[in-house]
Every structure is written in C-alpha cells, then in structure tokens.
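Next come the chains, spelled out residue by residue.
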Amino acid sequence: MGLVMGTFSMQSKQVDYRKDKVDDDLEMTMVCHRPEGLDQLEAQTNFNKRELQVLYRGFKNECPSGVVNEDTFKQIYSQFFPHGDASTYAHYLFNAFDSGHSGSIKFEDFVTALSILLRGSTREKLQWTFNLYDINRDGYINKEEMTDIVRAIYDMMGKYTYPALKTDAPKQHVDAFFQKMDKNRDGVVTLDEFLLSCQEDENIMRSLQLFENVI
Amino acid sequence: MAAGVATWLPFARAAAVGWLPLAKKTMPKPPVDKKSRSDEILIVNVSGLRFQTWKNTLDRYPDTLLGSSEKEFFYNEDTQEYFFDRDPEMFRHILNFYRTGKLHYPRQECIQAFDEELAFYGIVPDIIGDCCMEEYRDRKKENQERLAEDTEAEMATDVPLPPNSTPRERLWRAFENPHTSTMALVFYYVTGFFIAVSVIANVVETVPCRPPKGSVKDLPCGEKYSVAFFCMDTACVLIFTFEYLMRLFAAPSRCKFMRSVMSVIDVVAIMPYYIGLVMPENEDVSGAFVTLRVFRVFRIFKFSRHSQGLRILGYTLKSCASELGFLLFSLTMAIIIFATVMFYAEKGTKGTNFTSIPASFWYTIVTMTTLGYGDMVPNTIAGKIFGSICSLSGVLVIALPVPVIVSNFSRIYHQNQRADKMRAQQVRGRGASSALALFTHLSLICKCGFFSPQDHDSDSAALCLKNRSSFEHQHHHLLHCLEKTTNHEFTDELTYSEMCMTESVGYRTSRSTSLSSQQVVSSSCCPRRAKRRAIRLANSTVSVSRGSVQELDTLQVLKSSAVPQSRSSLNARTEDLKLNCEQRDYTAAIISIPTPPANTPDESLPPSPAVPGILRNSRSISSFTHETVKISSL
C-alpha cells in the first residue's frame, strides 16, 4: 500500500508546479515602442537610411520592446568597463541621452544623440558635452557637478591603476579644469566659456574628429 | 547577448566624446577599419533548405565554421551560395545561435546527432543556454552510460577467442559464457540442478516424517533417513567444491576473483559441510554446528549466476543504498519515539505487555508496517490514540523512499533488457567507420567540385584576423581613451600590490606610458618595467603565432585573481561580455589575444632589453598561454 501511495504522489506533484510561473511571465506587460518612420529619422539626423537600418536592427535585437530603461543601460555600459564601477557615469550618460526625461531611452533619443556625437559639428558636440556635465540643467557647471562627473569617470578605472589613484586625484583634475575653463573666475562655467576654452585647445579640437568613423 | 554588446560599442565610443574636455593628454588614434562597411545577405543552403542571413550575423563568432573563412570551402560558385549537406532541422538551431547569442538544445533531437552537428560547425556545446543546459546534460549522461554499457556488453560477448588461447582462458570463457560451447552448457545445467537438489534437501529434511516403528513422536525426515541425506549433501558439496576450484584455477586474476561476491557465496555455501566434518560430535559445540547448517541456505544465492533477475535485484539494492539507508534511519527514529510514548502511556495498566521500551519496539514495528499481529495491544485511551497515530505515520514513512527504489529498479531492468536484445540481434560494426564515411563524403565533395580553391589565402587569413579583432581593437581604443582622460593606466592586482610595496621605498617615476623611451632612474622600478615590457612583447609574439595558442575546444572560467599581464591582455580578458555581467558565463568563440600594435605607437619595443625579461618570465608566458583561451562576444 505504501508503494501505491508513493507512486501516486510522485506522479501528481509535477503538474501543479509549472502553472504559477507562466502567469507571472504574462503579467510583464508588453511595452512596445515603435520609432518614427525611417524618412523622418533620416531628415532629423545626419545618418543615411542604411546606417539607420543597421543601428535599428542592433537596437531592436537587444531591446525588443523598443526602449531601454536605466538599469539595462547601466548594465550595458558596465560591460565595457569591467575593471571599475561604471554605474555612476552611466547614470549621467542616461540623463544626457534621455532628452525628454521620460526615464527610458527610445530609439529616436539613441539615434539623435549618436548623430550629434558622431556627425555633428564641433559646436554641437561641445554643447552635448556641456549638457552632460551640467547635471541639474541650470546652464552652469559648478565645481560640485564637475567633481561628481570626474569622480564617476575615475570610478570606471577601478582600483588597480598605474600609478595608484590618490583620493584627491579627482579634485586636482577638477581644479585644473576650472583653471582652464573658468575665464572670469566666478566659480561656474557657462556654455560660452566652455565653448571658447575648448575651441582654444588644440588637443580637444583634434580629438573631436577622432570619432567620426565609428559607424 | 553578443549582438547587444557589439551593437552598443559604437554608442559607448561615441559617449567617449564626453571625456574629451577633461582629458589631459591627446587621445590615441582610433583603429582603422579597412573592410567595407556595407552588409550583405548570404545564402546558406542546407540540404535544399535555403537560409539567408546577414554576413555580420555570422561574423559575430569568428571561431566557428560559419564565422571564419572555413565556410569558403563550401561555397558554390554557380549558385552563389554556401551549400552544406547536413541536417536542415538542426541548422535552424545553429543559425539561431548566431542571431541571438544563445544556443538551445531541441528536446526531440537525439543528443548524439546534435553533438555531431555542433562539432561540424565548430561550436562548443558548453555555451548552451541555461534554459536547456539541464536537459542537455541529463541526456548526455544517459547516453554515455548507455554507450559504456553497450561497449562492455559487446566486449563481453562478441569478442571471438584468439586461436592460440590457453586451456585456462578457454575454461574461464566457458564458465562466464555458458552459451559458447556445449560442454559449458552441460556443466551450467548440472550445477543448477545440484543447487536445486541441495536446497530442496535442506528444506525437506526438516519435514516431520512418520515415526519409525516403536516410537510415537514424529521425527523429521532428516533424522529418519540421515544416511540418504548425508550422501546427497556430500554429492552436492563435492560438485560445488569442484566447480569452485575450477573457477579459481581459470580466473585471470585470482585475487580479484576471490574478492568477488559470487565467490564469497560459493565459499559460504560449502564451508559448513567441511567444518561439520572436521568438528567432533560434541554436545557443546552442537549448538554452533546447528548455526552453521543455517548457512547452507546461502546455496540458493548461487542461483544468481543462473538468473539475471536476481542479479538485477542485487544491483538495484546496491544502487539504492542511500535511499535504503534513509528509510532505515527514519524508521528507527520513528520506532524509538513511538515505543517510548506507548510505554509511558501503557505504564499504568495492570498486566500490560508493554513491559519496557525495547519490548514496545516490537509493537511499534508491527503497527508501523501495518501488520498488526495483535499480540500486543494498548488498553488505555492515550495508548490507543498514540497507537493510531503510529500506524498512520508508519504508512507515510515507508511510502517515501519506495518510488526512488522502484524507478531505479525499472531503469536497470530496462537497460538489461535492451542489452539482451542487442546481444540477440548481434549488431555489428557499431560506431562504425565514421572515418570511412568521412572519406566517402570528402571524395564526393571533391568530385562534385564544391571545393572552391583559395587563391588569396593570406588575404583572407588577414581578414580573419581583422574580423575577429576589430571589436577588440575598438574596445581597446575606448579603454585607452579612458586612460588618457584620467592620466592613469589600467593594471592588475599583482602589479598594483607590488607597486604599493615599492612606493614605500620612495619609488617615484616620471609619468610616462612610453616605456621604451625611458630607462627610468631608480633600480626598483626596472624589474617591474622590464617584466611589463617582456609581457607586452610576449603578447605580440604570441599574437603572431596565434595558431598554437588558439584552441577551439577549451573553455576556461576566468577568475579575477590575477595573472601578471599587461593592460592590453587584461582588457582582452573583458571579452566575456554578457548582459548580466557575470564573468563566469561563456559565449562561443575562443580567440587568443592580439595586442593591437597599430594604434599605440609607444608600445613598439626594442626586443633586446626585453630578452632577459622574457627568459625570466617564461613562467608568466606559459601561464599566459594557458589563460589565453578567451571568449569573444563578437
């Protein structure tokens, strides 16, 4: 009799377990976003149709729902910098990409930002960078914002660097930056000061051309 | 997964524009990508089913057949497609792997066929996704067990005797496989008959026969016809002894034979007789003598040579040892608990059977196994309540391990049945001439002219090099930009800890990444610098001789604990990129790590000062080669 009971109990157990999981999965809503038409995007950005196609295929493959939220963004970006912690910088990047402040990056945002960064004029690129640094979007970069950004960048390097990272390295970096950029020494950097200083610097101008052929 | 990372790399590089105003140094030049950017659609014809995919999709895994230049061997110029004479159903899964980065194992396919397809296309099975890995592993294990059994069975039966075998070997074979010769068969049946006779005699001699004249009491037959029984017993024992000695003589390894279960049973079966012969007819030891006679019943186990079912039962019990142990343990626990409870519950009753806890054991066992003899019953109400709880729980406890034992038994039984069937059919040439098949296949291919000759081998090899490393080139460039921005370099834990130690010695060096240019001042820095130079040079030399390093079949789990290596190889270690950031996960292709010399001109090193470094660091190089099996997520 024990045998019979045992065999029965073994058989019936397996069926019920699976059902709960399926229901949970269905509840994850199918948020789907479709981008504007190809022609519109081509008009808005500096990419041609082919490039947009390649970009979208990759984007859709990775994010079938059509949007990237901040956590996924951080994860993706961290893949490229395994030594350190890229999440802080990724957060700032996310805000810079997410021009509509919707909390998620759609394909249009993605492609617009890429268009500026890769195919835009130097002025546009520098403006984008200014927006990145200006965390609270008030039109000024102050020392705290800059320190945050620089610290985030240094975080990406990780612990094991050569030479060893000193704790005041970000601060020194920020001081050097302000020395160069803050023309009227009022403690904040405006867009015009930023643009002017960058255009004076040969290195920066030259480097801006480097990323033309990324796509 | 791979798709994701490769897609987002341009974005990550574009985002590097954000570092530019902060950079203290000039950025390095980006790697130049010579190959044409436009993507094309390839047609892959697998046994008539046409698949079409982007070239980039296939290029993601450059270490597989489809991702490398190896597919050019299958290119058909006339139809402008790649033709593979393989299973189209399986190819679907292979192609999905390229598309999604995850390899799935189709449940309805045979595991061996699947493995063969993977081997053909150069994909390592270890990258099967988690969703299908369990199933794959189970099937694979099952298949391997089956194969092992089959080869064993085959070897046992089908191997014909070499013509010049000694009589000893022939004898052993006759004992092990009675079907081989008539003599062996006869002997087999004779021994079986005598075992049966002996067992029946043992049983019958205790039956009470009619008493001889002049006596009232019933005598057991053994005592009435003691001479007859003694003769029968002697005959049987003689046969058994003879058989045992012959087996011992014929056994290829006597020690192993003597330790085997069957031989022990044989010995136990015949020893009582000899001991009985030797011992005097003494009243004192007759008790022990009687005990010895009990061992005669072990002769019945000799039947297990003749019966396969008995052997299966033995195997089952052996393989379920843990379940049986658990059963026994839980039963013991329950018995002790309930016996104690019943004892104290029935303690007050007059004339109770539950005189002590061990006495209650008997009651508990009989109740838990639902036997219920009724020789001990509780009288108090508490006793009856606990008694009923005892019987209910007994049912449960016994029911638990039984299904496991049953399933084990059924598995072993089916396996044996299959082995028997195959032996009966005498299947020959299993695992046969796969080499032969390959040859015919190759010859057919050559004849049909699908072989398109490679006239620009070196170019395509170079292209391959480019292909598989363009992702890394770009990634390295990105990391290099970060280094320039922060004015620090990536390094590994070992070098870092060394550095920390030497810093206290007052080591200072001028900040420079162009190691070749400087013979830096203090002595403490030189060994390290030399080591790093040596390692970098080793990297570039290794990247040149990539063939030796690249191994398609080995995958290693990357640990973050360091191997002393330079930045470039360290960066390349980041190639196991997957979206969930787990360093342990794998993707398919394995590459060695080339140092991209093109974009960092300061890394060109004069070889001579580094030579002693190389000699000193041969250990690190060898460890590097072992570590070099890395994974690309292209």
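In this text the structure is predicted, and so the values were computed from the model without any measurement.

Draft legend 1. Broad picture of the overall build of chain B. Scanning chain B from N- to C-terminus turns up 25 helices and nine strands. Here chain B holds 634 residues, and 43% of them are scored as buried. Of all intrachain contacts in chain B linking residues separated by at least 6 positions in sequence, the fraction that spans at least 24 positions is 72%. Within the structure as shown, chain B displays about 33800 Å² of accessible surface, and the carbon and sulfur contribution to it stands at 63%.

Draft legend 2. How the structure looks around the UniProt feature "transmembrane region" (unreviewed entry) in chain B. All names here are of chain B. In the numbering used here, UniProt assigns the "transmembrane region" (unreviewed entry) feature to residues 183-204, 224-245, 257-275, 324-345, 357-373 and 385-406. Helix makes up 100% of residues 183-204 and strand 0%, with an end-to-end C-alpha separation of 31 Å. Here residues 257-275 runs as 95% helix and 0% strand, with 23 Å between its end C-alpha atoms.

Draft legend 3. Summary view of the pairing of strand E1 (residues 41-46) of chain B. Residues and elements named next belong to chain B. Bridge count for E1 against strand E2 (residues 49-54) is six bridges, and the pairing is antiparallel. Residue pairing for E2: Ile41 is matched across the bridge by Trp54. Joining the antiparallel neighbours E1 and E2 is a turn of two residues, in which Ser47 adopts a positive phi near 50 degrees. Bridge analysis of E1 against strand E4 (residues 81-84) gives three bridges, and the strand direction is parallel.

Draft legend 4. Geometry of the pattern of salt bridges. Residues and elements named next belong to chain B. Enumeration over the complete set of coordinates arrives at 24 salt bridges over all chains. Its salt-bridge partner being Lys140, residue Asp115 comes within 3.4 Å of it at the nearest N-O pair. In this pair, Asp115 is assigned in helix H4 (residues 111-121) and Lys140 in helix H5 (residues 130-157), connecting sequence segments 25 residues apart. When the shortest N-O distance is used, the salt bridge between Lys302 and Glu243 registers 3.5 Å. Of this pair, Lys302 sits in the loop between helix H12 (283-294) and helix H13 (308-319) while Glu243 is found in helix H9 (residues 226-250), placing the two residues 59 residues apart along the sequence. The exposure class assigned to Glu243 is buried, which follows from its relative accessible area of 4%. Salt bridges linked by common partners bring Glu243, Arg247, Asp266, Lys302 and Arg305 together as one network.

Draft legend 5. Layout of H9 of chain B. Residue and element names in this part refer to chain B. Between its first and last C-alpha, H9 extends 36 Å over 25 residues, near the 36 Å set by a 1.5 Å rise per residue. When we look at burial in H9, the residues that qualify are Phe229, Asp233, Thr234, Cys236, Val237, Phe240, Thr241, Glu243, Tyr244, Arg247, Leu248 and Ala250. Taken together, the buried residues of H9 touch helix H6 (167-176), helix H7 (182-204), helix H8 (221-224), helix H10 (254-259) and helix H11 (261-278).

Draft legend 6. Region of interest: the packing of helix H14 (residues 321-346) of chain B against helix H15 (residues 357-368) of chain B. All names here are of chain B. At their nearest, the axes of H14 and H15 sit 8 Å apart, and the two run at 120 degrees to each other. By the angle between their directions, the pair H14 and H15 is classed as oblique. Crossing of H14 against H15: the hand is right-handed. Taken together, the residues of H15 that come into contact with H14 (itself represented by Leu331, Ala334, Ile335, Ile336, Phe338, Ala339, Thr340, Met342, Phe343 and Tyr344) are Ile357, Ser360, Phe361, Tyr363, Thr364, Ile365 and Met368. Here the residues of the contact of H14 with H15 are counted per class, giving 14 nonpolar, three polar and no charged.

Draft legend 7. Representation of the UniProt feature "domain: EF-hand" (unreviewed entry) in chain A. All names here are of chain A. Under the local residue numbering, the UniProt record ascribes the feature "domain: EF-hand" (unreviewed entry) to residues 85-120, 121-156 and 169-204. Strand forms 8% of residues 85-120 and helix 67%; the C-alpha atoms that close the span are 29 Å apart. Between the end C-alpha atoms of residues 121-156 there is a gap of 28 Å, over a span that is 72% helix and 8% strand.

Draft legend 8. Spatial organisation of the packing of aromatic side chains. Counted by the stated rule, this structure contains 48 aromatic pairs over all chains. Directly above the aromatic system of Phe178 of chain A lies the positively charged group of Lys143 of chain A, at a separation of 5.5 Å from the ring centroid. Here the guanidinium or amino end of Lys302 of chain B rests over the ring plane of Phe240 of chain B, the centre of that ring lying 4.7 Å away.

Draft legend 9. Geometry of the nonpolar core. Ranked by internal contacts, the top residues of the largest apolar core, which has 75 residues, are Tyr77, Phe81, Phe110 and Met146 of chain A together with Trp8 and Trp19 of chain B. Two domains each donate at least three residues to this core, and these are domain 1 (38-120) and domain 2 (122-214) of chain A. Ignoring anything within four residues of it in the chain, the contact list for Trp19 of chain B reads Tyr77, Phe81, Tyr89, Tyr133, Ile153 and Met156 of chain A together with Leu478, Cys481, Leu482 and Thr485 of chain B. Among the nonpolar cores identified, the runner-up in size contains 30 residues, and Leu42, Leu58, Leu65 and Leu95 of chain B belong to it.

Draft legend 10. Expanded view of the sheet that holds E2 of chain B. Spatially, four strands are ordered E2-E1-E4-E3 (chain B) in an open sheet, and the strand pairing comes out mixed. For this open sheet the edge positions go to E2 and strand E3 (75-76) of chain B, each flanked by a neighbour on one side alone.

Draft legend 11. Geometry of the environment of Ala174 of chain B. All names here are of chain B. When you line up the elements, Ala174 lands in helix H6. Separated by eleven residues in sequence, Ala174 and Leu185 have C-alpha atoms that sit 8.2 Å apart. Those residues in contact with Ala174 that lie beyond four places of it in its chain are Thr180 and Ala184.

Basis of the calculations
- Residues numbered from 1 in each chain as written.
- Chains lettered and ligands numbered in written order.
- Predicted model: local features only at pLDDT ≥ 70, side-chain atom pairs only at ≥ 80, totals over all residues.
- Heavy atoms only, no water.
- Helix = DSSP H or I, 4+ residues; strand = E, 2+ residues; numbered from the N terminus.
- Buried < 20%, exposed > 50% of the residue type's maximum accessible area, 1.4 Å probe, protein only.
- Contact = heavy atoms within 4.5 Å.
- Areas by Shrake-Rupley, 256 points an atom, 1.4 Å probe, with all protein chains shown as cover.
- UniProt positions renumbered as here; feature names shortened; annotations may be inferred.
- Pairing = 2+ DSSP bridges.
- Salt bridge = Lys/Arg side-chain N within 4 Å of Asp/Glu carboxyl O.
- Expected span 1.5 Å × (residues − 1).
- Axes fitted to C-alpha atoms, helices over the stretch in contact; angles between N-to-C directions.
- Parallel < 35°, antiparallel > 145°, perpendicular 65-115°, else oblique.
- Left-handed = near helix turned anticlockwise from the far one by under 90°.
- Nonpolar A, V, L, I, M, F, W, Y, C, P; charged D, E, K, R; others polar.
- Phe/Tyr/Trp six-rings, centres within 6.5 Å; stacked < 30°, edge-to-face > 60°.
- Lys NZ or Arg CZ within 6 Å of the ring centre and 35° of its normal.
- Core = buried A, V, L, I, M, F, W, Y, C linked by side-chain atoms within 4.5 Å.
- Domains from an automatic or database assignment.

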